[in-house]
Number of protein chains: 2
Amino acid sequence: MKPEILRSVAGLRERVAAWRRDGLSVGMVPTMGALHAGHLALVAAAQEQNDRVIVTLFVNPAQFGPSEDLASYPRAEASDREKLATLGVDVLFAPPGSEIYPPGFDTKIVVGGPAAGLETDFRPHFFSGVATVVAKLLLAGPPDRAYFGEKDFQQLLVVKQLARDLNIPTEIVGCPTVREPDGLALSSRNAYLSTEERMRAPVLYATLQETARGLRSSGSPSAVLEAARRRIADAGFAIDYLDLRLADNLAPVGEITEIPMRLLVAARLGRTRLIDNIAV
Amino acid sequence: MKPEILRSVAGLRERVAAWRRDGLSVGMVPTMGALHAGHLALVAAAQEQNDRVIVTLFVNPAQFGPSEDLASYPRAEASDREKLATLGVDVLFAPPGSEIYPPGFDTKIVVGGPAAGLETDFRPHFFSGVATVVAKLLLAGPPDRAYFGEKDFQQLLVVKQLARDLNIPTEIVGCPTVREPDGLALSSRNAYLSTEERMRAPVLYATLQETARGLRSSGSPSAVLEAARRRIADAGFAIDYLDLRLADNLAPVGEITEIPMRLLVAARLGRTRLIDNIAV
């Protein structure tokens, strides 16, 4: 019965090798579980482009800081499994911690480029933790393609740089953010929001949309960005950052030109940290 | 005519994929060129255990410190090619620098464990440079097996840890050090030695042998090691380190027991830095 549950790298490698011998292409969707419609859209994209699909489920301790929400991060393997069964996913790779970080494990991957600034200013261990575990998960296949959501836009660019820089033989595919009807980007962390916070949360995306429009028409990006920060703060958020960057590599923007840019925000509402972003 | 010369990752990947489709196993021997009998022994081991063999030739800037010998490191691609032709090596992968470190490249791999101390105390960038380029070369295949000499014993353990920690699907095989008749370990850097230095160089290995015997019979390892350092210094070397470590992970040795240990030395003779090691 699908999905087949695998818990060891050796088992996953054997399964992928068998698929390869049969000439089948393989897609992978790395997740930390607590699957929502955003994850399921990644799965759908993977199924469309590949003969076989692996979803990985691993809450990666290395990408949480000491004061972050590792212990409380939502875990729901049984219901995740049911969702993947409904979609007909072939394999769920859900290794125990000791399979990813066995005794003596002591290697980390540090990506520069798009990892500079933004999330890194607030979560200094984050991208090294992500890069190391993503490299491990990809190399345990490796799949032909792996799918990441644009909701974590900086992470998507970091993973693309990782794969390119290390010759990892997997194409990294970014997929559009899936949103609630009121605009809130889907995130496993939305479960932390109180009813009252949930009602205020959509202001984040509404402000991004308004700001993107304002940036296209205004000659003074810094004033438009300042107004956006004010609106979000007025709604009760504590802002980590709201910034405009080059979409290709997240380098700071000199002056508004025709090249693609990205507006990115991270802000805390109560104990919940939300991130979002939009093309400009 | 063999070896086929490949200069791009894409070309190498295609060649390896074609071999795999034919059910052939693949060995890789990563080198910085200026091939000597030590390299050729690695090639012979690779040929014995695999259907096809790739030798890589890349003088890796990332593993040289700013004051080290990158510019003067011996380069001899034409004669390397002839040697590999004689042995019937299938592919020589000799990429230009821009293929390994293209514009925008910005990722490094940091291995802990056996990388701590010894070489790292004197060449702090060395193992990160080695780990990053070895990961790239392996992942450009990947081969079933890759071959490294025990002459660089700490490097061999670092590469093993790298492959294990990142799930790189390549078995790392260590091969015994090849020596001149007078005991000097073969190294491309031996070419730097003057005639007079070359005559004194064998004292390094002679001292390692004598010290290994002394350690087996003596109750005072620190006195035996101190005598060894004195003998090498008396021969005109400037010692970087001479130390006894656990053979498995290069952790410091508490007391002499039955577990395998390794005696490692690095010392400079004039402008030439030599390293060697021996099982204890």
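Residues numbered from 1 in each chain as written. Chains lettered and ligands numbered in written order. Predicted model: local features only at pLDDT ≥ 70, side-chain atom pairs only at ≥ 80, totals over all residues.

### Topic: the packing of helix 9 (residues 203-217) of chain B against helix 10 (residues 221-234) of chain B
All names here are of chain B.
Item 1. Put simply, helix 9 and helix 10 touch, their axes get as near as 10 Å, and they point 165° apart. Put simply, helix 9 runs roughly antiparallel to helix 10. Our pair here, helix 9 against helix 10, has a crossing hand that is right-handed. Contacts between helix 9 and helix 10 involve Val-203, Leu-204, Thr-207, Thr-211, Gly-214 and Leu-215 from the former and Pro-221, Val-224, Leu-225, Ala-228, Arg-231 and Ile-232 from the latter.
Item 2. Class assignment of the residues belonging to the contact of helix 9 with helix 10 gives a composition of 8 nonpolar, 3 polar and 1 charged. (Axes fitted to C-alpha atoms, helices over the stretch in contact; angles between N-to-C directions. Helix = DSSP H or I, 4+ residues; strand = E, 2+ residues; numbered from the N terminus. Parallel < 35°, antiparallel > 145°, perpendicular 65-115°, else oblique. Left-handed = near helix turned anticlockwise from the far one by under 90°. Contact = placed C-beta atoms within 7 Å. Nonpolar A, V, L, I, M, F, W, Y, C, P; charged D, E, K, R; others polar.)

### Observations regarding the environment of B:Val173
Residue and element names in this part refer to chain B.
Item 1. If you trace the backbone, Val-173 turns up in strand 7 (residues 171-175).
Item 2. Placed 15 residues apart in sequence, Val-173 and Val-158 show a C-alpha to C-alpha distance of 12 Å.
Item 3. In this structure Val-173 touches Ala-45, Arg-145, Ala-146 and Tyr-147, once residues within four positions along its chain are discounted.

### Some words on the nonpolar core
Item 1. Judged by nonpolar contacts, the single largest core of 148 residues is most densely connected at A:Ala135, A:Leu162, B:Ala135 and B:Leu162.
Item 2. Setting aside anything within four residues of it in sequence, one finds B:Ala135 in contact with A:Leu166, B:Ile109, B:Leu162, B:Leu166 and B:Ile168. (Core = buried A, V, L, I, M, F, W, Y, C linked by C-beta atoms within 7 Å. Buried ≥ 20, exposed ≤ 12 C-beta atoms within 10 Å, placed from the backbone.)

### Section: the sheet that holds strand 6 (residues 145-149) of chain A
All names here are of chain A.
Item 1. On the basis of which strands lie adjacent, the open sheet formed by 6 strands has the order 1-4-3-2-6-7 and parallel pairing. The open sheet has two edge strands, strand 1 (4-6) and strand 7 (171-175), and neither has a second partner. Averaged over all pairs of adjacent strands, the angle between strand axes in this sheet comes to 25°, irrespective of strand direction.
Item 2. The pairing of strand 1 with strand 4 (residues 91-93) spans 3 bridges and is parallel. Pairing of Ile-5 across the sheet is with Leu-92, part of strand 4. (Pairing = 2+ DSSP bridges.)

### Here we look at the pairing of strand 9 (residues 261-269) of chain A
For a regular strand, side-chain orientation follows a simple rule: the groups alternate between the two sheet faces.
Residue and element names in this part refer to chain A.
Item 1. Burial runs high along strand 9: 8 of the 9 residues are buried.
Item 2. Alignment of strand 8 (residues 238-246) against strand 9, held across 8 bridges, turns out to be antiparallel. Residue pairing in the sheet places Leu-242 in a bridge with Val-265 of strand 9.
Item 3. Bridge analysis of strand 9 against strand 10 (residues 272-279) gives 8 bridges, and the strand direction is antiparallel. Opposite Arg-262, over in strand 10, you have Ala-279 as the bridge partner.
Item 4. Linking two consecutive strands that pair antiparallel, namely strand 9 and strand 10, is a turn of 2 residues; a positive phi of about 60° is found at Gly-270 within it.

### Some remarks on the confidence of the model for chain A
Item 1. Averaged over every residue, the pLDDT of chain A is 96; residues scoring 70 or more account for 99%.
Item 2. In the predicted complex, the global pTM is 0.96; the interface-specific ipTM is 0.95. (pLDDT = per-residue confidence, 0-100.)

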